[in-house]
Amino acid sequence: MIQDFLQQEYKNFKLTTASADASFRKYYRLQKDSQSYLIMDSSLEKESLEPFLDVTKRLLAVDVSVPKIYKEDLQNGYLLIEDFGSVDLLQKLNETNFQKLYTQAINAIVKMQNADTKGLPEYDKAFLHFEMDLMQEWYLEKKLQKKLSDKEKKVLQNALETISTIVLQQPQNIFTHRDYHSRNIMIKDDGELGIIDYQDAMSGAVTYDLVSLLKDCYIAFGRDEILKLVLYFRDKVSPQTADTEFIKWFDFMGMQRHIKVLGVFSRLHLRDAKDGYLKDIPLTLHYLLDTAQRYEETQELAHLLKKKTV
């Protein structure tokens, strides 16, 4: 089917597997001499192509570096797109360069946040809780096989309610990539960053993509330096907001995301037989516990999770 999609135009190109992601999408690299393209194979997830095309247009309109689209077959689920190479941010980040690379990536968030959000799904209270509820079901109960008492359920419910309330206090209706981490940011040959995997974009909170980047589930750096970068972003998007308030927004958004991710990584393992994310659960849990114990409103949550996970 891929050969049919490519037709005669690309018949002399070499086709190799590039990668697969946490969904049912696969990527193939198409090469000939110095030419290189990617084929996005969404044949098992065709419904994701329309959002990908839609969000691509939104991001190109505000000068964000996303792949150009050269050929499409929506009926069968294939796209031929620009190849940003195989070097992602995770492969390059280290203690000496993370401030520079993260600053580049933050500047891209600022650009993304200029994108049109009309018609995008909203990250409302119901959706925030839908995501956070994945932790109890898939991580605590199914993966760890830890049941919660009625009292513990109340502690968890109160904490989740507080988290969503504080998340919704910050500016909303802002373009949100939703998976803006080091594996979805490519370093192109010219040193510029290329953004991928944005088809699940929503309209959400100002700090969401910043959290995905700076509290990355695949790599971590010291909090003091990270907070300097948080305030660098604050100065660009919300300079009137006090340091402590913006950091609290960032931290509570981080708790929401990491609660969700604990559930998602566990579900990928248990339901989808994708075990590659199990090794990333300890760092995700560390972020959550470290942050939860910093705030009076979530200290009971930290205590509960320590009891269930340690």
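Residues numbered from 1 in each chain as written. Predicted model: local features only at pLDDT ≥ 70, side-chain atom pairs only at ≥ 80, totals over all residues. Heavy atoms only, no water.

Novice: What exactly am I supposed to notice about the packing of aromatic side chains here?
Specialist: To describe a pair of aromatic rings, one takes the distance between the centres and the angle between the planes. Tallying each qualifying case throughout the model produces 17 aromatic pairs. A centroid spacing of 5.9 Å and a plane angle of 85° characterise the contact between Y102 and F221, whose relative ring orientation is edge-to-face. You can see Y102 sitting in helix α4 (residues 98-112) and its partner F221 sitting in the loop between α7 (208-214) and α8 (223-237), a full 119 residues away along the chain. A relative accessible area of 1% means that Y102 is categorised as buried. An aromatic cluster is present here, built from Y10, F13, Y37 and Y70 joined pairwise through their rings. Note that R183 overlies the ring of Y218, its terminal NZ or CZ placed 3.7 Å from the centroid. (Phe/Tyr/Trp six-rings, centres within 6.5 Å; stacked < 30°, edge-to-face > 60°. Helix = DSSP H or I, 4+ residues; strand = E, 2+ residues; numbered from the N terminus. Buried < 20%, exposed > 50% of the residue type's maximum accessible area, 1.4 Å probe, protein only. Lys NZ or Arg CZ within 6 Å of the ring centre and 35° of its normal.)

Novice: Explanation requested: unusual backbone geometry in the structure shown.
Specialist: A negative phi angle is the norm for most residues apart from glycine, just as the trans form is the norm for most peptide bonds. Of note, D63 is a non-glycine position whose phi angle comes to about 65°, a positive value. Along the polypeptide, D63 turns up in the loop between α2 (49-60) and β4 (69-73). Judged by its relative accessible area of 54%, D63 falls in the exposed class. Positioned with a positive phi, N173 is a non-glycine residue whose angle comes to about 60°. Positionally, N173 belongs in the loop between α6 (150-167) and β6 (174-176).

Novice: Explain the pattern of salt bridges to me, please; I cannot follow it from the model alone.
Specialist: When their charged atoms lie close together, side chains carrying opposite charge are able to pair. By the definition in use, this model includes 22 salt bridges. The partner of K125 in a salt bridge is E161, with the nearest N and O atoms 3.1 Å apart. Of the two residues, K125 sits in helix α5 (residues 125-143) while E161 sits in helix α6, which places them 36 residues apart along the sequence. For K125, a relative accessible area of 29% translates into the label partly exposed. R223 is the partner of D251 in a salt bridge, and the nearest nitrogen-oxygen pair spans 2.7 Å. Highlighted residues: D251 in helix α9 (residues 243-270) and R223 in helix α8, separated in sequence by 28 residues. For D251, a relative accessible area of 0% gives the class buried. Given a relative accessible area of 23%, R223 falls into the partly exposed group. It is possible to trace a salt-bridge network through shared partners that takes in R25, E45 and D197. (Salt bridge = Lys/Arg side-chain N within 4 Å of Asp/Glu carboxyl O.)

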